[in-house]
Amino acid sequence: MRKLRAAGLGAASLLFLAGTSLAQERGFYAGYTASAELFDATFSKSVDNTDPDTLVPEPRRGMVFSDRDSADTVDLAVGFVGGYRAPLGDGGAYLSTEVDVMFHSGEPDGRLVGVGTSPERNQLGESWPDAWSLDKRRSYGLTLRLGFGESQDMNIYMLGGVRLFKARFSTTFEGCMTAEPCSPSEFVSGTDGRDVDPIATTWGLGLEKRFGSGEYARRIALRFEAAYNQYGDESWVADFPEVGVTVPSMVEAEGIGVTVSMVRLFGAAD
């Protein structure tokens, strides 16, 4: 939440700086975008057996077992962008506010090691060696870009924004749910999934090249960006009152990526 507040304050500051320029030339733009991101996710799970009425037997009774696993993948995404751009003075600087929708293909997956006192860590009260995955499906972004440079045909800019992701987290489990030790043939198994909606803060740098001829003179912009994304943590607690066990879990993630966009500007000519 502190990062989101900082992003909001930064956006408000940029908008305030642009306030005196809104009476000048302004224009909308729209286009296509594609990105590749090295996306790293971490799944953390604890199995809490400290409930006085837990059915977990000794020596695990009263203990907490914690496990953690990380995985990464290259997330490829494509989407659409639309924005509004206004100049800041006469030096070639500008401020743009942009929204976009992206469709993702990244899905890191891994498996917990398992933590407990039995050889396979699959008995009641242990952290079972679950397989897990995080499927990034789509996202919605709001980004501010502050550009500067002497050349109107090529300039560099800073960017900052927030992005809401729609993703699916899944685990596959197998283990014992009774106080008496189970053999592998007595294990329960299944898959559990939940929708997660992490919000990421984004910071980066970009380079824009404008080109075109005739009526499209300097109306087409090609952008190259590099950015760091910090995703907000998603946490939840699974409760098993029939055996007196609770399982707090958390997913956290970060990524660094590059983006290429091509947009068409619709404002009046400079």
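Up top is the structure these notes are about.
What counts and how
- Residues numbered from 1 in each chain as written.
- Predicted model: local features only at pLDDT ≥ 70, side-chain atom pairs only at ≥ 80, totals over all residues.
- Heavy atoms only, no water.
- Helix = DSSP H or I, 4+ residues; strand = E, 2+ residues; numbered from the N terminus.
- Contact = heavy atoms within 4.5 Å.
- Areas by Shrake-Rupley, 256 points an atom, 1.4 Å probe, with all protein chains shown as cover.
- Disulfide = S-S within 2.5 Å.
- Buried < 20%, exposed > 50% of the residue type's maximum accessible area, 1.4 Å probe, protein only.
- Core = buried A, V, L, I, M, F, W, Y, C linked by side-chain atoms within 4.5 Å.
- Polar contact = N/O pair within 3.5 Å; in protein donor to acceptor, adjacent residues only side chain to side chain.
- Salt bridge = Lys/Arg side-chain N within 4 Å of Asp/Glu carboxyl O.

Peer 1: What is the right way to read the overall build of the chain from this model?
Peer 2: Within the chain, the regular secondary structure consists of one helix and 10 strands. Secondary structure elements of the chain occur, N-terminal to C-terminal, as α-β-β-β-β-β-β-β-β-β-β. In the chain, 73% of the contacts between residues at least 6 apart in sequence involve partners at least 24 apart. Counting every atom, the chain has about 13900 Å² of accessible surface; 61% of that belongs to carbon and sulfur.

Peer 1: What am I meant to see in the state of the cysteines here?
Peer 2: Cysteine pairs can be covalently joined through their sulfur atoms, and such a bond is termed a disulfide. A complete count under the given rule lists one disulfide for this structure. With a sulfur-sulfur separation of 2.0 Å, Cys176 is cross-linked through a disulfide to Cys182. Its S-S torsion of about 55° marks the bond between Cys176 and Cys182 as right-handed, since a negative value means left-handed. With a relative accessible area of 0%, Cys176 lands in the buried category.

Peer 1: What exactly am I supposed to notice about the environment of Phe43 here?
Peer 2: Its location among the elements puts Phe43 in strand β1 (residues 27–48). Judged by its relative accessible area of 2%, Phe43 falls in the buried class. For the pair Phe43 and Glu234, spaced 191 residues apart in sequence, the C-alpha to C-alpha distance is 9.8 Å. In this structure Phe43 touches Asp67, Arg68, Asp69, Leu112, Trp132, Phe169, Thr171, Trp236, Ser249, Met250 and Val251, once residues within four positions along its chain are discounted.

Peer 1: When you look at the nonpolar core in this model, what are you seeing that I'm missing?
Peer 2: Across soluble globular proteins, you tend to see nonpolar side chains buried next to one another. Residues Phe43, Leu134 and Phe169 are the most contacted members of the largest nonpolar core, which totals 16 residues. Of all the secondary-structure elements, those providing two or more residues to this core are β1, β5 (131–148), β6 (154–175), β9 (220–240) and β10 (245–265). Aside from chain neighbours lying at most four places away, what touches Leu134 is Phe39, Ala41, Gly106, Glu107, Pro108, Ala167, Arg168, Phe169, Val196 and Val251. Formed by six residues, the second largest nonpolar core is a distinct cluster that contains Val56, Leu124, Val245 and Val247.

Peer 1: Teacher, can you tell me more about the side chain of Asn229 here?
Peer 2: For Asn229, the location among the structural elements is in strand β9. On the basis of relative accessibility, which here comes to 13%, the residue Asn229 falls in the buried class. Engagement of the side chain of Asn229 in a polar contact is seen with the side chain of Glu37, the distance being 2.8 Å. Setting aside residues no more than four positions away along its own chain, Asn229 makes contact with Glu37, Thr201, Thr202, Glu254 and Gly255.

Peer 1: Could you clarify how one ought to interpret the pattern of salt bridges in this entry?
Peer 2: Two side chains carrying opposite charge are able to pair once their charged atoms lie near each other. With the rule as written, the count across this model stands at 13 salt bridges. Here Asp100 ties to Arg163 by a salt bridge, and the two come within 2.9 Å at their closest N and O atoms. Residue Asp100 is located in strand β3 (residues 93–104), and its partner Arg163 is located in strand β6; the two are separated by 63 residues in the primary sequence. Given the relative accessible area of 10%, Asp100 is considered buried. Arg163 sits in the buried class, given a relative accessible area of 16%.

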